[in-house]
Amino acid sequence: MTTPQKTIIDCVTGETVTRDFDETELRQFEAAQIQREKDAKAKAKTEQTLADKRQIILDRLGLTADEFNALLG
Amino acid sequence: MANTQTTVPIFVAAQVLEANQLNQSAATGVPVFATTVTRDAGFGGAGEKPLAEGQLCYLESTNVVQYYDGAAWATVGPAAPAAAGALTYISGGSLSTTSTTFTNAFSATYDNYLVTVNALNCSAGFPVVLLTLGAATANYAYSYNAANQFANFAFQAGSAAAASIELVQLQNTTSQSLTMRFLSPFLADRTTIFSEGLAYTASQWAQTAGAHNVATSFTSFTLASSTAATLSGTVRIYGFANS
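Just so we're clear, the structure is a prediction, and the values are computed from it rather than from any experiment.

Rules used throughout
Residues numbered from 1 in each chain as written. Chains lettered and ligands numbered in written order. Predicted model: local features only at pLDDT ≥ 70, side-chain atom pairs only at ≥ 80, totals over all residues. Heavy atoms only, no water. Helix = DSSP H or I, 4+ residues; strand = E, 2+ residues; numbered from the N terminus. Buried < 20%, exposed > 50% of the residue type's maximum accessible area, 1.4 Å probe, protein only. Areas by Shrake-Rupley, 256 points an atom, 1.4 Å probe, with all protein chains shown as cover. Contact = heavy atoms within 4.5 Å. Salt bridge = Lys/Arg side-chain N within 4 Å of Asp/Glu carboxyl O. Polar contact = N/O pair within 3.5 Å; in protein donor to acceptor, adjacent residues only side chain to side chain. Pairing = 2+ DSSP bridges. Axes fitted to C-alpha atoms, helices over the stretch in contact; angles between N-to-C directions. Expected span 1.5 Å × (residues − 1). Patch = residues over 30% accessible without salt bridge, like charges linked within 9 Å, V, L, I, M, F, W, Y side chains within 5 Å.

## Overview of the overall build of chain A
Counting its regular elements, chain A contains two helices and two strands. Of the regular secondary structure in chain A, the N- to C-terminal order runs β-β-α-α. Taking all 73 residues of chain A together, 14% fall into the buried category. Summed over its atoms, the accessible surface of chain A is roughly 5,800 Å², and 55% of this surface lies on carbon and sulfur atoms.

Here you go:
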């Protein structure tokens, strides 16, 4: 993978510097990506659990999701 | 005002110089006018000095010093002061890499700031634009809400202890945009951020309310991609006048 780059713009002088991520930035970037993947998986799991519960209730009622939404208006 | 005049007199040989004429023309040095209308009427009339290149004046209406360049009046300075509550452009720059830091963006001059990003885009995928302040990589809290009018889609996310603040999720296309309002970033106080973004993803319209929860004075902020994709866009930073 190409090393991500960082740009630093000084709002007073207008000086602009572009460089590769340093070791600390690269470590933080990779850790953040791993955490985001974990969070996304946990969120998907939670949503699937809720969807399953919803379907169980709809099955008991004998309604489709569209029919239930129509009832709610 | 005590120095305001309506004419710049000129004298002819043997004319008697009255005290009020001396007070009006010599005492002020640079003639002072209430407005540009009285300035223009103050030259070239009967008994008045013809307007010529190099003439100076001061305008009370805008608090500026002007010079006549032979064809028109130009302002020496200061630039017309901003009206109370107005926005003042501070600086800006372009996003072109994965992460862009704007240093010396915040100062004691303004408590609150507006940042706009036009033509926001990414090089690939669906990265989220992340915001951090100074060198802080912790203590951010935020709520992120997004909606898509076509799919009746609603998405909510947030964190009480994050390493950055999520602003908007992008797609590799054109004409996406973002605005942010920063409250008290330079003051040694909690910094709060309110943002709105428009993208062409499932989370098309995104709103974020967030804060850095430790009283800290920041002078810089960073906009970064959550993936290795590069961001592009035009960033402009404005300060809200304090009074």
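Back to the text.
## Concerning the overall build of chain B
Secondary structure assignment for chain B yields two helices and 16 strands. Looking at chain B residue by residue over its 243 residues, the buried ones come to 39%. Partitioning the contacts of chain B with sequence separation of at least 6, the portion at a separation of at least 24 is 69%. Here chain B displays about 11,600 Å² of accessible surface, and carbon together with sulfur accounts for 56% of that area.

## Remarks on the interface of chain A and chain B
Contacts between the two partners involve 17 residues from chain A and, on the opposite side, 27 residues from chain B. Our enumeration of links across chain A and chain B arrives at one salt bridge. Residues Glu166(B) and Arg36(A) are paired through a salt bridge, measuring 3.2 Å at the closest nitrogen-oxygen approach. Counting across the interface, chain A meets chain B through 14 residue pairs in polar contact (both at pLDDT 80 or more). Listed by contribution, the elements that provide at least two residues to the side of chain A that touches chain B are β1 (5–10) and α1 (23–61) of chain A. For the side of chain A that touches chain B, the leading source of residues is β1(A), giving six residues. Pairing of β1(A) with strand β6 (residues 99–103) of chain B involves five bridges; the strand directions are parallel. Counted as the bridge partner of Lys6(A) is Ser99(B) from β6(B).

## Looking at the sheet that holds strand β15 (residues 221–225) of chain B
Hydrogen bonds along the backbone pair up the strands of a sheet, which may run parallel or antiparallel. The mixed open sheet is built from six strands, whose spatial order is β2(A)-β1(A)-β6(B)-β15(B)-β8(B)-β11(B). Looking at strand neighbours, the two that pair on one side only are β2 (16–20) of chain A together with β11 (165–169) of chain B, the edges of this open sheet. Within this sheet the neighbouring strands show an average axis-to-axis angle of 20 degrees, counted without direction.

## Here we look at α1(A)
In a regular helix each residue adds 1.5 Å, so 39 residues correspond to 57 Å; α1(A) covers 57 Å between its end C-alpha atoms and thus fits that length. All of the buried residues along α1(A) are Glu25(A), Phe29(A) and Leu58(A). The inward-facing, buried residues of α1(A) abut β1, β2 and α2 (65–72) of chain A together with β15 of chain B. Structurally, the start of α1(A) carries an N-cap: the backbone nitrogen of Thr24(A) is 3.2 Å from a side-chain oxygen of Asp22(A). At the exit of α1(A) stands Gly62(A), carrying a positive phi of roughly 75 degrees.

## Points about the pattern of salt bridges
All names here are of chain A. For the structure shown, the criterion picks out four salt bridges over all chains. Of the charged contacts in the structure, one is a salt bridge between Lys43 and Glu47, with a shortest N-O distance of 2.7 Å. Note that Lys43 and Glu47 are positioned in helix α1 at a spacing of four residues, about one turn of the helix. On the basis of relative accessible area, Lys43 is assigned to the partly exposed category, the value being 28%.

## Considering a nonpolar patch on the surface
All names here are of chain A. Side chains of Ile57, Leu61, Phe68, Leu71 and Leu72 sit close together on the surface and give an oily, nonpolar patch of about 530 Å² of accessible area. Every element with two or more residues in the nonpolar patch is listed here: α1 and α2. At three residues, α2 tops the list of elements feeding residues into the nonpolar patch. Here Ile57 is to be found in helix α1.

## Here we look at the pairing of β1(A)
Residue and element names in this part refer to chain A. In this sheet, β2 lies alongside β1 in antiparallel orientation, the contact comprising five bridges. Following the sheet pairing, Lys6 is matched in β2 by Arg19. The turn linking β1 back onto β2 is made up of five residues, and Gly14 within it adopts a positive phi angle of 80 degrees.

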